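# A closer look at the structure
So the chains spell out like this:
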Amino acid sequence: MAETVIQVENLSKLYRLGSIGTGYFLQDIQRWWTTAVRKKHDPFFGLNPSDNAPPSQKGLWALHDVSFEVKQGEVLGIVGRNGAGKSTLLKIISRIIRPTQGAIRGRGKISSLLEVGTGFNLELTGRENIYLSGYILGMTKAEIRSKFDEIVAFANLEQFLDTPVKRYSSGMYVRLAFAVAAHLEPDILILDEVLAVGDAEFQKKCLGKMNEVSRNEGRTILFVSHNLQAILNICDTGLWLEKGKVKQLGPISQVANGYLTDAQKFKFSQHWQTPEEGPGNELIRFKKVELVPQLSHPDAPLDIRTPLAVKFQFWNLSGEAHLSTNLVLFSYGGECIFDLASPNVLCQEGVVEGECIIPGNFLNDGSYFISLYVVKDTATPLYTYEECLSFDLEDYRGDIRWYGKWWGAVRPIFPFRLEQAEPVLY
Amino acid sequence: MPTKENTKWDWEITGKSNWWGNSFTELWLYRHLAVGFVRRDFLLIYQQTVLGPLWVLLQPILTLFTYVLVFGKVVGISTGGLPPVLFYLAGIVLWNLFNDTFLGIASTFRENAQLFSKVYFPRLIVPFARLSGYLLHFGIQFGLLLCVLLYYLVFQSIKLPPASGLLLVPVCIILTGLLSLGLGLLFSIITAKYRDISYIISMVIRLFMFLTPVIYPVSYVSDKWRWLVELNPLTPLFELFRLALLGEGLITITQFVYSCVFTFAVLIVSLLIFNKQSDKLIDII
């Protein structure tokens, strides 16, 4: 069994909300007097979260009682929603901030990369910046000098070495910054969201480099990313943080799956009891809108393979009429993906019901919303229910070893043939 | 792996911060970073300027002109037995060292908040680099002072102080540097915590210059107010600097000892406070 290189024990971090310190010079002195000199409890901020004061005065526990261990050579992926405490955890392990309670013990040199281009200065040349950011990340002059050519080659910026970085394109900037970081040789590497930047090709290169580093050189990596696909491919173990606490710790596939299904548990359906409550006008009132994923089993994540059923009911208050409904799907950016019309049907006054199925393996991954239009005689819009449903589709790649963002509004599977037509004969 | 192996760790991070701060070995590991910062600051000041590094010399020269004109000719403050140019230049050069270093170090947290919140390195590296950088500036300006002194020796045949006194010149420079480091560290913490204080500082330091014998010799101050000027720990250093270099200055052993004790006391207290507070400040800035 590999030895433990990081041990996190009952780690907690309290952030005070509102004004920092007591805000008053005199109170700060009084506080220092009671806590540091007389060794009594803090008169202004209690440390015990179970104290009965309201949380607004107590502050926010960014991390609360987090404990875990990391073994040598392990790649730990940390997932969680915004504000779950991922960055706080990485900052404490990187020694940037101190925990309020608890301890972290470890072995070996740590380097952290919480941002691409830390310490870069726009006015300086690429060459100067390689040295400066190398020093800041903890490299020695000899180390940088010996790897200088490798770094430049990795970033592919030979011609621009003596150009000030402010004239670089953003892609070049990121390449250079990551190239320096990729050549760090710590025992433990800490990465936060670094893959969120850079073009797809470079992302792939970076992931490849990370894989190589952890597999071949036995380096321990702690990795935070919103790119679940990248985490799944690189990490062995997953740590799921929620509201500062450990929700799940285990093999990455289990943790990622748990996180995904949980992330999608928001409401897909809306019901209204009476026409007065439902959205609409004097002609149409909606009774129900519902998105029902056709999942293979209840815990499966909602990804691009999942067929989706959109079900709706509305009260027709406009008397006997020929009605049709358009289902319009928009991407998160507001771009219309499709506008689908139902058959035109003669309806009486009362409840009208409809259902549409969006097949699996059709939409690309991303966030979408749906609007419903009720139309009379295929010409007169009666009511438009904008953005009545929204949903996220997660990515699924199967065996594809490509982690960049997949292009396109849709990702259908069409019949596609590729085969050797004529082998070369020797 | 035997479990007892697991009880041995290289490092531990807890909520407690240490008065003694980083070990010297850790600071030494980051020495290249300090050099890198000095280099960066130097390159940045003169990037895309017409005169480049000449600015280091131009600033004291322009100040010198102003002082000679305003305080020497218009107001007519005595410079003792020394030629005004030499007198003022010596004062300006040493004051610049104190002023620039102090203000530079006092803004450590405000200027590096972004960097400090993203990567760890011993925070003391930044003030040390600032001090080294301004000592470098001082070296260049001091060279100018020596050139002017040489001119006066050759063409104006002023009297030279005994050469043995020259040994005291570096002492003055080091003490001034250390005092500005100590005060700078202290105020870097204070201004990070209480932001309003940073607005006052630059004004206070300008007034402080008038309590320091930069534009006048201590001997010129009336007996009634001399205690106020002598309370300033910089006063003996400025007087000694001129005495050792130019042969005129008013200083007693007691005053010199006072300066030394004050400087080291401030430096030690500031270092302790800096070590204790610098980690906690990241949450605030």
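Per an unreviewed UniProt entry, chain B is named Transport permease protein, and its organism is Hymenobacter citatus.

The name given to chain A in an unreviewed UniProt entry is ATP-binding cassette domain-containing protein, and the organism recorded there is Hymenobacter citatus. Under the heading Sequence similarities (unreviewed entry), UniProt records this for chain A: "Belongs to the ABC transporter superfamily."

## Notes on the overall build of chain B
When you go through chain B residue by residue, the secondary structure sums to 12 helices and 1 strand. Each helix and strand of chain B, placed in order from N terminus to C terminus, yields the pattern β-α-α-α-α-α-α-α-α-α-α-α-α. Counting the 285 residues in chain B, one finds 49% classified as buried. When the accessible surface of chain B is summed, it comes to about 14,100 Å², and 70% of that surface belongs to carbon and sulfur atoms.

## So, the pairing of strand 8 (residues 237-242) of chain A
All names here are of chain A. The buried fraction of strand 8 is high, at 5 of 6 residues. Of the strand pairs in this sheet, strand 3 (residues 75-79) and strand 8 are connected by 4 bridges, and their pairing is parallel. Bridged to isoleucine 78 within strand 8 is leucine 239. Relative to strand 9 (residues 245-251), strand 8 is paired through 6 bridges, and the arrangement is antiparallel. From the neighbouring strand, threonine 237 faces strand 9, where its bridge partner is proline 251. Linkage of strand 8 to strand 9, two consecutive antiparallel strands, is achieved through a turn of 2 residues, within which lysine 243 is found at a positive phi near 50°.

## Here we look at the nonpolar core
Grouped together as the largest cluster of nonpolar side chains are 106 residues, with contacts concentrated most on A:Ile6, A:Leu89, A:Ile104, A:Ile130, A:Leu222, B:Phe37 and B:Phe121. It is helix 6 (residues 170-182) of chain A that contributes the most residues to this core, 9 residues altogether. The residues touching A:Ile104, leaving out its near neighbours within four places in the chain, are A:Ile6, A:Gln7, A:Val8, A:Leu11, A:Ile92, A:Ile93, B:Trp11, B:Glu12 and B:Ile13. The next biggest cluster of nonpolar side chains, apart from the first, holds 50 residues, and it includes B:Ile201, B:Met209, B:Tyr216 and B:Phe238.

## Comments concerning the interface of chain B and chain A
Taken together, the 39 residues of chain B in the interface contact 46 residues of chain A. Taken together, both faces of the contact between chain B and chain A bury some 3,900 Å²; the carbon and sulfur share is 57%. When the buried surface of chain B facing chain A is broken down by residue, B:Trp9, B:Trp11 and B:Ile13 rank first, second and third, together holding 20% of it. Measuring nitrogen to oxygen at the nearest pair gives 2.5 Å for the salt bridge that ties B:Asp279 to A:Arg98. Connecting chain B to chain A are 11 residue pairs in polar contact (both at pLDDT 80 or more). Mapped by element, the contributors of at least two residues to the side of chain B that touches chain A are strand 1 (11-14), helix 2 (31-46) and helix 6 (113-116) of chain B. It is helix 2 of chain B that contributes the most residues to the side of chain B that touches chain A, 8 residues altogether.

## Some words on the UniProt feature "domain: ABC transmembrane type-2" (unreviewed entry) in chain B
Per the UniProt entry, the sites bearing "domain: ABC transmembrane type-2" (unreviewed entry) are residues 51-277 of chain B in this numbering. Structurally, residues 51-277 of chain B is divided into 75% helix and 0% strand, and its ends, taken at the C-alpha atoms, are 40 Å apart.

## Details of the sheet that holds strand 8 of chain A
Residue and element names in this part refer to chain A. Across the sheet, which stays open at both edges, the 6 strands sit in the order 5-6-7-3-8-9 with mixed pairing between neighbours. Only two strands of the sheet have a single partner each, and these edge strands are strand 5 (110-113) and strand 9. Across the sheet, the mean angle from the axis of one strand to that of its neighbour is 15°, orientation sign disregarded. Contacts from helix 3 (residues 86-93) reach strand 3, strand 5, strand 6 (188-192), strand 7 (220-224) and strand 8 within the one sheet, and its direction differs from that of strand 6 by about 150°.

## Some remarks on the confidence of the model for chain A
Residues and elements named next belong to chain A. Summary statistics for chain A give a mean pLDDT of 82 and a share of 86% for residues scoring 70 or more. Least confident of the elements in chain A is helix 2 (residues 55-58), whose mean pLDDT is 48; most confident is strand 16 (residues 350-358), at 93. Below a pLDDT of 50 lies the segment residues 46-57, which in the model reaches 13 contacts outside its immediate sequence neighbourhood of four places, other chains included.

## As for the packing of aromatic side chains
In total, this model carries 32 aromatic pairs over all chains according to the counting rule given. For the pair B:Tyr67 and B:Phe71, a centre-to-centre distance of 5.3 Å together with 70° between the ring planes defines the contact as edge-to-face. Highlighted residues: B:Tyr67 and B:Phe71, both in helix 3 (residues 55-75), separated by 4 residues, approximately one helical turn. B:Phe71 shares its class with B:Tyr67; the two are buried. Every member of this aromatic cluster is reached through a ring pair, and the members are A:Trp272, A:Phe286, A:Phe312, A:Phe314, A:Tyr383 and A:Tyr385. Across the ring face of A:Tyr15, the terminal group of A:Lys13 is positioned such that the distance to the ring centre comes to 5.3 Å. A cation over a ring is seen here: B:Arg123 above B:Phe116, with NZ or CZ 4.5 Å from the ring centre.

## Some details on the UniProt feature "transmembrane region" (unreviewed entry) in chain B
Residues and elements named next belong to chain B. The UniProt record annotates "transmembrane region" (unreviewed entry) at residues 49-70, 85-110, 131-154, 166-187, 199-221 and 241-274. Secondary structure content for residues 131-154 is 100% helix and 0% strand, while the C-alpha to C-alpha distance between its ends is 34 Å. Between the end C-alpha atoms of residues 199-221 the distance is 30 Å, and the span holds 48% helix and 0% strand.

## Details of the sheet that holds strand 11 (residues 284-293) of chain A
Residue and element names in this part refer to chain A. Reading across the sheet, the 4 strands line up as 10-11-12-16 and stay open at both edges, with antiparallel pairing between neighbours. Every other strand in the sheet has two partners, leaving strand 10 (269-271) and strand 16 as the edge strands with one partner each. Neighbour-to-neighbour, the strand axes of this sheet turn through a mean angle of 20°, independent of strand direction. Examined bridge by bridge, strand 12 (residues 308-316) and strand 16 share 9 bridges and lie antiparallel to one another. Residue alanine 309 lies in a different strand from strand 16, and its bridge partner there is isoleucine 357.

## Regarding helix 7 (residues 125-155) of chain B
Helix length check: helix 7 of chain B (31 residues) gives 45 Å between terminal C-alpha atoms against 45 Å at 1.5 Å per residue, within 8%. Looking one or two residues beyond helix 7 of chain B, the residue adopting positive phi is B:Ser157, at roughly 40°.

Definitions and cut-offs
Residues numbered from 1 in each chain as written. Chains lettered and ligands numbered in written order. Predicted model: local features only at pLDDT ≥ 70, side-chain atom pairs only at ≥ 80, totals over all residues. Heavy atoms only, no water. UniProt positions renumbered as here; feature names shortened; annotations may be inferred. Helix = DSSP H or I, 4+ residues; strand = E, 2+ residues; numbered from the N terminus. Buried < 20%, exposed > 50% of the residue type's maximum accessible area, 1.4 Å probe, protein only. Areas by Shrake-Rupley, 256 points an atom, 1.4 Å probe, with all protein chains shown as cover. Pairing = 2+ DSSP bridges. Core = buried A, V, L, I, M, F, W, Y, C linked by side-chain atoms within 4.5 Å. Contact = heavy atoms within 4.5 Å. Buried area = accessible area lost by both parts, 1.4 Å probe. Salt bridge = Lys/Arg side-chain N within 4 Å of Asp/Glu carboxyl O. Polar contact = N/O pair within 3.5 Å; in protein donor to acceptor, adjacent residues only side chain to side chain. Axes fitted to C-alpha atoms, helices over the stretch in contact; angles between N-to-C directions. pLDDT = per-residue confidence, 0-100. Phe/Tyr/Trp six-rings, centres within 6.5 Å; stacked < 30°, edge-to-face > 60°. Lys NZ or Arg CZ within 6 Å of the ring centre and 35° of its normal. Expected span 1.5 Å × (residues − 1).

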